[in-house]
Amino acid sequence: MLYLDNSATTPVHPEVIKVMEDVLKKHYGNPSSLHQKGVESEKLLETSRKIVAQTLEVDKEEIVFTSGGTEGDNLAIKGIAFRYQNRGKHIITSQIEHPAVKESCRFLEQFGFSVTYLPVDKQGLIDPQMLKSSIRDDTILVSIMHVNNEVGTIQPIQDLGAILKEYPRIFFHVDGVQGYAKVPLKLKEWGIDLYTVSGHKINGPKGVGALYVRNGIALLPQMSGGGQEGGLRSGTENVPGIAGFAKACQIAREISVINWEKLSKLRKYCINMLKEKNPAVIINGPEEEHVSPYILNISIPGLRGEVLVHGLEKEEVLVSTGSACSSKKDIISPVLQAMGIDRETALGSIRVSFSYQTKEEDILIFVDKMSRVVNRLL
Amino acid sequence: MRRVYLDHSATTPVRPEVVQLVNKYLTETFGNPSSVHAFGREARKGVETAREQIAALIKAKPEEIFFTSGGTEADNMAIVGTAMANQTKGKHIITTQIEHHAVLDTCKSLIKQGFEVTFLPVNPDATIDLELLKSSIRDDTILITMMHVNNEVGTILPIKEVGQIAKEKGIIFHVDAVQSFGKLPIDVNEMNIDLLSASGHKIYALKGTGCLYIRKGTKIAPLFFGGSQERKRRPGTENVPGIVAFGLAAHLAGQEMEAEAERLTKLRDKLIDGILEKIPNVQLNGHRTNRLPGHVNVSIRYIEGESLLLMLDMKGIAASSGSACTSGSLDPSHVLLAMGIPHEIAHGSLRMTLGKGTTEEDVDYVLEVLPEIVEKLRSMSPLYNSMKLENNEECSKCTQKR
Ligand SMILES: Cc1ncc(COP(=O)(O)O)c(C=O)c1O
Ligand SMILES: Cc1ncc(COP(=O)(O)O)c(C=O)c1O
């Protein structure tokens, strides 16, 4: 099997598994307990926090562990909105956000918040000037994803952050689930206030993630209880998951630059080969600039996405249509729609997503199987 | 040195069968359950099997089980979700004064949003008065939320009776079963439970996974928003290893429940009797018999719980002074205070919770070590020495002072 669905989820890194097994077998204490077993777990937790903080170049106190990207996005958006609503009730986001962001904003609309959903161009890019002109006196939050999960577009976060620096009362949240440890990031320099990370997209475990919350920001917690995570996120900490997640962060961060270079080449190579075999292939999203080398979204005119995915699966290559969360519905992706991609092309789109393990050979196999499937189907 | 873990109400070690299964789901079956390809389908199968295993343990239907990140999230979702979805019917909630903070603080957060909450007082043994409950019900009561077993003192609450009352009045009934799930029989139909919280790490599975049972037809809003996982009630990529672990642990707990309850009850009673016999000025907290098998909580007068814990820890015994979450703070437990136990006695409380790995030798070891430590601590306490001069007042009388 050739697994090219790494944007849906990734295999867990062997070293991460090792860490987790060690914790599962030995360090079962509750971090809140005062005895040795508890103290051990507490130490693990704090070491993990330090590691994650280092990968983001932030303070340890600015990391809140969560149950994943969805919770992180919910905590950031609703946490800011409900805490700072006396300052204003306007939020700016984009039309191509993940449902975890979009649905959180929709929810807030029921509470009298107004939300501007910024459009994107054909490449899936937001125009920073558009952001600027959407800012109002009552804007309290801007939430923009770092890397789009369906087409891989990297938003100009640095430029958006530069604009927002002129508005110190507006918080800037970035959903970094697909970007973290994969594409360049300078949290502090770019003026990001909140950044969401999820473990299972970086060869870590599912059900764990982190939210970076800049010092000085008070979020309204989404869960009450024992007061863990500095009161921001109650509930007994997922110690094995957190320890595994920290290991995954550490590894991913170490190899991120090398991977960026390697995968940038492989992605380009893949596009060239696909075009060579089938000149009609359409690349959805940017071809070279402003795009994550981990994601490639393509359409073959005249073929449905699901049909292609099934055809490829028979050839032992696993890819997906759009994002995993929406892949079961027979509606066209809101992301592709927002990019102005025609219905036909959108229905035919598949997402191929790579990982640190992806090799040149894999690209060759994929292109080969792809052309076989296409020739058979067309 | 002998190491004895007696803090199973705080959390449990992960059982070997579970570790093995988790390993499989970390290595081979790593797919995203929402993916339609083979890897996704396999992961989905694991999640659905776990759902069946958990449903079976409480006589629910698999589609009534929704996975969460733990007991705290399940409690929050049950309470906030019910409040949000039913507020047009009324804004009154009934709970008790001895709930876990995941319930108490969630209810308090609703007060800020215009809800009214009745916190029922409890009897000295942490049981509740059903007549008081009945008289607290109002026309606008939309939810009764009550724990099955109290985590600090182990008392079992009359869930079935409360369920009957809630049903007759048409009020949604939520049970925080984090401490009883997998340990005591639960039948959501017989007990008329509409919502029930459970957590994996209390039954030898993983921290960070739990579930909320939602009776079909119960109106409840989600806590989080996003993808369509858990039929939109709990979005977010599923914690597949955690979920399959929880399912297996629930299945095994069901198989072992009766025998384990019997075994632990014996050990518990031996420990309680031994302590009461060997140490003067001690009282048992919670109900003597109507308590969780394996749950011991005593107040030892004239000593500080904190010092006691430290000394026990040095002897290899891991215990606690209250719930794990609050043991970091110096405030006496809200549960003991609600039971009418005076501050100074509450401060000397010791919780020892037994579990799968606990043996009779462990209990014997505690009964050997604990009296010595208590004697040593008391000999350093000026309070104890002056008391000894005055008289030898029975400790049980102290509780009646309040
Ligand atoms: C951009 C983006 N945000 C948020 C999420 C949600 O993260 P999680 O699956 O960890 O809840 C995902 C992945 O599904 C994603 O791709
Ligand atoms: C009665 C009770 N409810 C809720 C919880 C919270 O569960 P979790 O630790 O899984 O968040 C606990 C345990 O800490 C508990 O004992």
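Cut-offs used in this document
Along each chain, residue indices are assigned from 1 in the same order as the chain's sequence is written. Both sets of labels track the order of writing: A upward for chains, 1 upward for ligands. Totals for whole chains, interfaces and linings use all residues, but because this is a predicted model, local features are given only for residues with pLDDT of at least 70 and pairs of side-chain atoms are given and counted only at 80 or more. Excluded from the side-chain calculation are hydrogens and water; included are all heavy atoms of the structure. Each residue is tested against the molecule or strand, and it is near if at least one of its non-hydrogen atoms lies within 4 Å. In protein, a polar contact requires one atom able to donate a hydrogen and another able to accept it; more generally it is a pair of N or O atoms within 3.5 Å, and residues adjacent in sequence count only if both atoms are side-chain atoms. Only the protein chains shown count as covering a residue, and every accessible area follows the Shrake-Rupley method with a 1.4 Å probe. Working definition: helices are DSSP H or I runs of at least four residues, strands are E runs of at least two. Numbering for both runs from the N terminus. Residues are grouped as follows: Ala, Val, Leu, Ile, Met, Phe, Trp, Tyr, Cys and Pro are nonpolar; Asp, Glu, Lys and Arg are charged; all remaining types, including Gly, are polar. Domains are outlined according to an automatic or database domain assignment. Summed over both partners, the accessible surface that disappears when two parts come together, traced with a 1.4 Å probe, is what is meant by buried area. Salt bridge criterion: a side-chain nitrogen from Lys or Arg within 4 Å of a carboxyl oxygen from Asp or Glu. What a helix is expected to span follows from its residue count: subtract one and scale by 1.5 Å. Each residue gets one of three labels from its accessible area relative to the maximum for its type: buried under 20%, exposed over 50%, partly exposed in between, using a 1.4 Å probe on protein chains only. Think of it this way: DSSP has to see at least two bridges between two strands before they count as a pair.

**Student:** Sorry if this is basic, but what is going on with the site of ligand 2 here?
**Tutor:** Of all residues adjacent to ligand 2, which total 15 residues, the nearest are T236 of chain A together with T72, D176, S199 and K202 of chain B. More than a single chain frames ligand 2: its nearby residues are located in chains A and B. Within the contact set of ligand 2, an oxygen atom lies 2.4 Å away from a side-chain nitrogen or oxygen of T236 of chain A. The separation between a nitrogen atom of ligand 2 and a polar side-chain atom of D176 of chain B is 2.6 Å. With the chains in place, 97% of the 390 Å² that ligand 2 exposes on its own is no longer accessible. It is helix α3 (residues 71-86) of chain B that provides the largest number of residues to the shell around ligand 2, a total of three residues. Its residues assigned to classes, the shell around ligand 2 comprises two nonpolar, 10 polar and three charged.

**Student:** For this particular structure, what's the right way to read the domain arrangement of chain A?
**Tutor:** Residue and element names in this part refer to chain A. What the domain assignment lists for chain A is domain 1 (2-9 + 256-377) and domain 2 (14-254). Spacing between the C-alpha centres of domain 1 and domain 2 amounts to 27 Å. Of the roughly 2,500 Å² buried between domain 1 and domain 2 on both sides combined, carbon and sulfur atoms contribute 53%. Counting the surface domain 1 buries against domain 2, the share from its top three residues, S256, V335 and M339, is 23%. Applying the counting rule to domain 1 against domain 2 returns zero salt bridges. At the boundary of domain 1 with domain 2, the tally comes to 12 residue pairs in polar contact (both at pLDDT 80 or more). For the side of domain 1 that touches domain 2, the elements supplying multiple residues, two or more each, are α7 (239-277), β10 (295-299) and α9 (334-338).

**Student:** Help me understand helix α2 (residues 38-57) of chain B, please; the structure alone is not making it clear to me.
**Tutor:** Residues three or four positions apart in an α-helix share a direction because the helix packs 3.6 residues into each turn. All names here are of chain B. With 20 residues, α2 ought to run about 28 Å at 1.5 Å a step, and its terminal C-alpha atoms sit 29 Å apart, in line with that. Looking at α2, one finds that the buried residues are A38, F39, G40, A43, G46, V47, A50, R51, I54, A55 and L57. Count one or two residues on from α2 and you reach K59, which has phi positive near 60°.

**Student:** Whenever I open this one, the pairing of strand β12 (residues 349-353) of chain A confuses me. Can you help?
**Tutor:** Looking down a regular strand, the side chains alternate between one sheet face and the other. Residue and element names in this part refer to chain A. Among the five residues of β12, five are classified as buried, and the element is accordingly described as predominantly covered. The alternating pattern of β12 places S349, R351 and S353 and I350 and V352 on opposite faces, both of which are buried. Pairing analysis gives five bridges linking β10 to β12, with the strands arranged antiparallel. The partner of S299 across the bridge, within β12, is S349.

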